[in-house]
Each structure stands twice: as C-alpha cells, then as structure tokens.
Amino acid sequence: MAHIAPVQDWATDFDVLDPRYVSDPFSIWDDLRDRCPIAHTDRRKSSWLPTRYDDVTDIAHDIAHFSSLKVAVIPGDEDEDPNANFDGPNLEYGLPPISADPPLHTWTRRLLLPWFSHKRVESYVPLTRELCRGLLAQFADKGHADAAADYAQQIPVRVIARILGVSPDLSDTFTGWVRDVLEFADDPERRQRGGEGLFNYFLGQLEDRRANPGDDLLSELLTTEVDGKPVDDGIVLGMAALVLIAGVDTTWSAIGSSLWHLAAHPEDRARLAAEPELMPTAVEELLRAYAPVTMAREVTEDIDYKGCPMKAGDKVLMNFPAANRDPEAFAQPDVVQLDRAHNRHVAFGSGIHRCAGSNLARMELQVALEEWMARIPEFSLAEGQEITWAGGQVRGPRILPVVFP
Amino acid sequence: MKIRVDPEKCQGHARCYGLAPEIFDVDDYGQASVILDEIPAELEEKARLAVANCPEYAIEIIGD
C-alpha cells in the first residue's frame, strides 16, 4: 500500500484512503457539507467529492457531463492498455454496463437485469438461508467469532458463484482477486494480479461453457444475440468479471457494517431481536447509514458545476454514503432508526446506473441478518480486540471480533 | 386515490414493490407499475409510504 500523506485540509486535498476517512468519514462529510459541499483533491488524479444529497443525485442523472467510462475511485493507471498483460479478447470496454454509457450500457444492462429480478432473487433465498445456517453452525457454540471474516465475507461470493455457474470451492480465490482490484487498488502489483486472475479464470470458463453450456448466466451470455449478432467475447468477459466484483465486496461490507452496528448498539440489537417484523425497514435503514459503495464519474467537458471549475477528465466521486447522511434529506441522519418510515436512500445509486444487483444484495443482507439474529440474538463487540475497516470504493469491516453467550 | 409510476423516472429500485406488493408490480427489468386502478382506503397509507421512499421521485398521486 502506498504511503498516504496525512490530509491537512479536507476541502482542497482530501484522500479517501486517509485512515481517518476510512474509520470515520461521517464527521468529515458533516464539516464539508457546512463549508464546502464539493471538495477537491489533486491526489492520484484531479477529483471532486460532493457531500450533499441533491448534488450527488443531480450529477448521477447528468450522464452527458458525467460519464461512467472510468468508474474506479482509486484510479491506478487508467490509461494503460487493458490487454497489456492479458492474451485474450479485447477488454477495452471494461466492465459493462457499470463502465459504460448508453448505448452499450443500455443493452448490456438489459442482459443482466433478469438474472437479478425480484422473482429470480426469490429463488436464491433457500440456498442463501442454508449457507448462512451452515456458517453459523461452525461458530455459534464457541462464544466468539469474527463476524466479518467468518460470516459476512463468506455469503455473497458463494451466491454469486452459483448464479455465474462457477465453483463455490474457489470462493476464497475469488474473494482475493476482488479485494486486489478494489480494496488494494492503490497497489499496482495487487491490482494487476487481481485483474489477471479474474480475466484468465473467466476466459477458461468461457471456453468450458462453449463446449458444455448450462443454465447459468455465463452460458446465456455466450448464446444470446443482440441485433442478430453474438456478444463480443471481451464484453462477455467484462460482464462476468463485473458480476463477481460488484457482487462480493459490496454486500459483504453491508452485512459486516450492519452486524457491527448491532454489536455496538445493544438497544437496536435488542429491539430487532424482540421485533423481527421490523427487519425489512431495518435493512433499508442500515443500508442508508452504512452505504458501502462510492463510484466515480469522469467529467466529459469543462463545466462550472455550482462554482466548481471541473475540467474534462476530472473525476467526480459519487458519494452516495454521504448523500445518505445529509440532514437536508434525512431527519437526524446520524441516528439509526430501525423503523425509519421515510427513507429515500441512495445506497444503490441513482439514475440509469442503479445497482443492477440491488434486489440480490437486499435479500442477502436480510437473510444474513435474520439467520444471525435467530441463532445469536445476543452479541457484542469483543472488548479490547481490534476492528479493521476497508475503505475507498467500498467501505466495510474486514475484522470484526464479536462475543456472545 | 389514484397513483402512477412515471416509466421515464423509474430505475428499478423496487422500493415500492417491497413496501406494497398489493399495489405495485415489477417486471424482469425492474420497471414498476401500479396494478390497481383505485387505491382502496385501507391501502392509502402504504401508497403514500411508497411515494415517500422512491429514490427517483417516480411515483405520483394523481387524484384523491
């Protein structure tokens, strides 16, 4: 990990990897919202950081000025040839639809959406529930666990593997690659290793699926036709990698943050244990308060946005987590209210790039919490043991020691 | 009460369907629609909740 020079002024020199931002971004956003709602930095790349709900959602809807071609929050070297270390199909389109603007965005998204529809996601509930119960059985009698590594981290990757039709036995490997490209993106070696791992693995899967098609997402992408033509292999690879990358770190972080909240707030934990019918509302509230994902946009042409002189090529970090804490949009935003009735949160984004997997993520979070609460209704943070958080593109706990009777 | 979902604004968050499946449906692409011509009195509260939770401001009450 590159050395992070401590931030002196968050308005003009912010760094989302500064340890203070990773551990407590909330007070930094509050400060910025009051005095400079859109911060700037020249670290890594000239980037802007909106903190108000209206600004974030406004920019998300202005796809003409704010492109999705480069969505990495930790940009690395985005000008490098994506095929430089990959001997296979052309990867120039990145990970569509997330890294695409219309029209590529539109048709690639339509191919993915039915796999994550409400109806389809319902059919993944039994396997998710069984998976959670199996994980809980491994530690429920021990009196302690790492709620992040032993539980949260283990769930989404296995559900996504099933949808993609790849082996859940490789879950730890998948998790490692995804962490390399997201969590450790500031380290060029790890970023490259993760990308190579993912694309080479899916390249092999493509060949396998061509010979032996199944009823999984990869097989469908290989046999589908758009405007009478098969989908380019490079685009299929990008979509497959996207489903894995977007479906692992994000939901795992949401489950971990939610368990952290319940472990740290005994009154909320007790209330959820006593009133399980609150769960759907509580899930939305936990998503609001601990939205894990920040995405980036690229400014397409020089523009004065609310007094900010944005230049073509600048990044804007879509600070959905900060939007969800804006007092202009939410009453008492820093208080988790498990029965919050009015909650227009944007944890899954806003506009045409609304998280395509939001139904799946919501289901996984709810089932993971339901099963945990059913088996371990009383738990708290393990005193004196360190909790670690990952930040940057995705924020959530990575080590979360908890104890229970 | 009558309500409608603006198909241009709806982005498939499915919050309305999650809150009130008696009132809304969502298709395979996430597009929400209202399945009741008239919202009966006992569902009006739920309809208002759906309006207040849509992140895209896509649901509107078009007549009481």
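Shown above is the structure to which this text applies.
Residues numbered from 1 in each chain as written. Chains lettered and ligands numbered in written order. Predicted model: local features only at pLDDT ≥ 70, side-chain atom pairs only at ≥ 80, totals over all residues.

## Regarding the overall build of chain A
- The helix and strand inventory of chain A stands at 16 helices and 14 strands.
- Its C-alpha atoms give chain A a radius of gyration of 21 Å, within 12% of the compact-globule value 22 Å for 405 residues.
- Taken along the three principal axes of its C-alpha coordinates, chain A extends 55 × 55 × 40 Å.
- The buried share among the 405 residues of chain A stands at 49%.
- Long-range contacts, defined as pairs at least 24 residues apart, comprise 71% of the intrachain contacts of chain A with a sequence gap of at least 6. (Helix = DSSP H or I, 4+ residues; strand = E, 2+ residues; numbered from the N terminus. Rg over C-alpha atoms; globule rule 2.2 N^0.38 Å. Buried ≥ 20, exposed ≤ 12 C-beta atoms within 10 Å, placed from the backbone. Contact = placed C-beta atoms within 7 Å.)

## Regarding the sheet that holds strand S3 (residues 66-67) of chain A
Residue and element names in this part refer to chain A.
- Read from one edge to the other, the open sheet built from five strands follows the order S1-S2-S10-S7-S3, with strand pairing classed as mixed. The sheet is open, and its two borders are formed by strand S1 (38-41) and S3, each paired with just one other strand.
- Pairing between S3 and strand S7 (residues 295-299): two bridges, direction antiparallel. Across the sheet, the residue bridging to Ser-67 is Glu-298, located in S7. (Pairing = 2+ DSSP bridges.)

## Notes on the interface of chain A and chain B
- Between chain A and chain B, the contact holds 19 residues from the first and 16 residues from the second.
- Of the residues belonging to the side of chain A that touches chain B, the class tally is seven nonpolar, nine polar and three charged. (Nonpolar A, V, L, I, M, F, W, Y, C, P; charged D, E, K, R; others polar.)

## Re helix H8 (residues 155-164) of chain A
Residue and element names in this part refer to chain A.
- Taking burial as the measure, the ten residues of H8 include eight buried ones, the bulk of the element.
- Within H8 the residues assigned to the buried category are Ile-155, Pro-156, Val-157, Val-159, Ile-160, Ala-161, Ile-163 and Leu-164.
- Of the surrounding secondary structure, the elements contacted by the buried residues of H8 are helix H6 (125-139), helix H9 (171-182), helix H11 (217-223), helix H12 (233-264) and helix H16 (358-375).
- Within two residues after H8, Gly-165 carries a phi angle of roughly 80°, on the positive side.

## What to know about the sheet that holds strand S14 (residues 401-403) of chain A
Residue and element names in this part refer to chain A.
- Reading across from one edge, S4-S14-S11 is the order of the three strands in this open sheet, with antiparallel pairing throughout. The open sheet has two edge strands, strand S4 (144-146) and strand S11 (380-381), and neither has a second partner.
- Note: S11 against S14, two bridges, orientation antiparallel. Across the sheet, residue Leu-381 finds its bridge partner in S14, namely Val-402.

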